[in-house]
Amino acid sequence: MRLLILLVSTSTFFNLYQLQAIYPWLSIRYGAGLTEAGWLNMATLLGMMITAPFASKITRKILPQHAIIAGVLTLALLNIIIAISKGLELLFIVRFLQGITLPCILTSGIQILSKIEDINSRKKCVGYYVAGTIFGSTLSRFYPAISIDLLGWQIGFISCSGFLLLACYFIAQRAQSANIKSIEKEQEKAPYISYLKVAFLEKRLLIAYVLGFGLLLSQSSIFTVLGLSLAEFPYNKSSSQIGLIYLASLPAIVVTLLIPKLFCLKREKFFYVTFISLLWASLSLMGSNFNFIIIGVIGFSISTYSMQIMTTEMVSRAQEVPANFASGIYLFFYYGGGTIGAFFSAFSYNHWGWLGALIFVAIFQTVILVIVIFLVIDSRKEARQNVKYIE
């Protein structure tokens, strides 16, 4: 089961950030400027944000493993279309279609996670799920940049499609051996609107939604701006060199596999404070010099991906609605933050440089912190009232 979860999240996220490290190619092939590059990075995230709340409804009559396989095959086809695309308009549409496909795969993966009854086994699988997001995200920035520089645009993206077809084969093999059953029928009887109302009443889920929004807003903003800044003076890095820098995200895999064990010892509040502190310490290093940028990417990746484990675990423990439905709502906020981050960070960087992008992230992080504190206080008040009512 762990290998299946790892394969699903890796192959999904392999498509998400394919254009972040290849700004030099976007400029040469399509004449894209900084703002256009931000739009292209935003397109997939926008598609995910729009589709995510309805992903569980779209796939509800399909076995989760079948939805995953169909989704990965669709992504393979879309990579071939990217390879032969000639204009920015078509590239934007294809990236948007990738965004529509991805939530259907991810919510089906969360559905499989929710079926694991043993709590410790589920936490370990969550760790593998997030490890796959790290590996896939890193590959999505690293591999296209390397392959396009070596093989050219068309062959580079066709090879991406080939990797997805290979992943699809192994997913089908592992899903068959896992013997995953269909979703519970009683969970499908409630109307969509009823689930939607309940999904916004559970305080733990509300906190996960807000944290997820801020999480990908920060990650999308920083990695988008990082790719743009490294392509310009004084760094002047090629696509391959920018892609190699993103490999600094890989040490976060080790941390994400260890974090689930630590969840048994500490509450979420402890981890949130730790991760946010590490995040800003890492960002303070990135504006210095090239060596500090690499160290900053390592720390930033550890903080954001570790926080993703926390939010994924919170969503997988949804009590009032099915986990795949809660996951769809979470992904709406998660990729909504990524959409805003990808575009407005590029806009801020274009006008005010690296400092402008940091201020943009800082403003949103401050607002999110205030909202989370309010929700935590409100949930504790409700808990005390419930205790008094029982007494």
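All figures in this text were calculated on a predicted structure; none of them were measured in a lab.

## Let's talk about the nonpolar core
In step 1: Core analysis: the biggest nonpolar cluster contains 119 residues, and L26, F157 and Y335 have the highest contact counts within it.
In step 2: The element best represented in this core is helix α15 (residues 323-390), accounting for 20 residues.
In step 3: Beyond its immediate chain neighbours, meaning those up to four positions away, L26 contacts L19, G31, A32, L40, L91 and W153.

## Side note on the side chain of S221
In step 1: Of note, S221 is situated in helix α10 (residues 203-230).
In step 2: Among all residues touching S221, those that are not within four sequence positions of it are L216, G341, S345, F360 and V361.

## Some details on the confidence of the model for the protein
In step 1: Taken over all residues, the pLDDT of the protein has a mean of 85, while the share at 70 or more is 91%.
In step 2: Between the elements of the protein, mean pLDDT differs from a low of 73, seen in helix α12 (residues 251-262), to a high of 95, seen in helix α5 (residues 64-84).
In step 3: Low pLDDT, under 50, characterises residues 184-188; the predicted model gives this stretch seven contacts beyond four residues in sequence or across chains.

## Some remarks on the layout of surface pockets
In step 1: Approximately 330 Å³ is the volume attributed to the second largest pocket.
In step 2: What lines the second largest pocket is a set of 14 residues, and nearest its centre among them are T10, F135, L139, F163 and A167.
In step 3: Those elements giving two or more residues to the lining of the second largest pocket turn out to be α1 (2-13), α7 (119-151) and α8 (153-178).
In step 4: Residues that form the lining of the second largest pocket fall into these classes: twelve nonpolar, two polar and no charged.

## Points about the environment of V94
In step 1: As for its position among the elements, V94 is in helix α6 (residues 88-114).
In step 2: On the basis of relative accessibility, which here comes to 2%, the residue V94 falls in the buried class.
In step 3: Spatially, the C-alpha atoms of V94 and L46 are 12 Å apart, while their sequence positions differ by 48 residues.
In step 4: Beyond its immediate sequence surroundings of up to four residues, V94 is in contact with L78, I81 and I82.

Procedures and definitions
- Residues numbered from 1 in each chain as written.
- Predicted model: local features only at pLDDT ≥ 70, side-chain atom pairs only at ≥ 80, totals over all residues.
- Heavy atoms only, no water.
- Core = buried A, V, L, I, M, F, W, Y, C linked by side-chain atoms within 4.5 Å.
- Buried < 20%, exposed > 50% of the residue type's maximum accessible area, 1.4 Å probe, protein only.
- Helix = DSSP H or I, 4+ residues; strand = E, 2+ residues; numbered from the N terminus.
- Contact = heavy atoms within 4.5 Å.
- pLDDT = per-residue confidence, 0-100.
- 1 Å grid on protein atoms, 1.4 Å probe; cavity = no way out; pocket = protein on both sides within 12 Å on 5 of 7 lines; lining within 4 Å.
- Points joined across faces, edges and corners; volume = space filled by probe spheres on them.
- Nonpolar A, V, L, I, M, F, W, Y, C, P; charged D, E, K, R; others polar.

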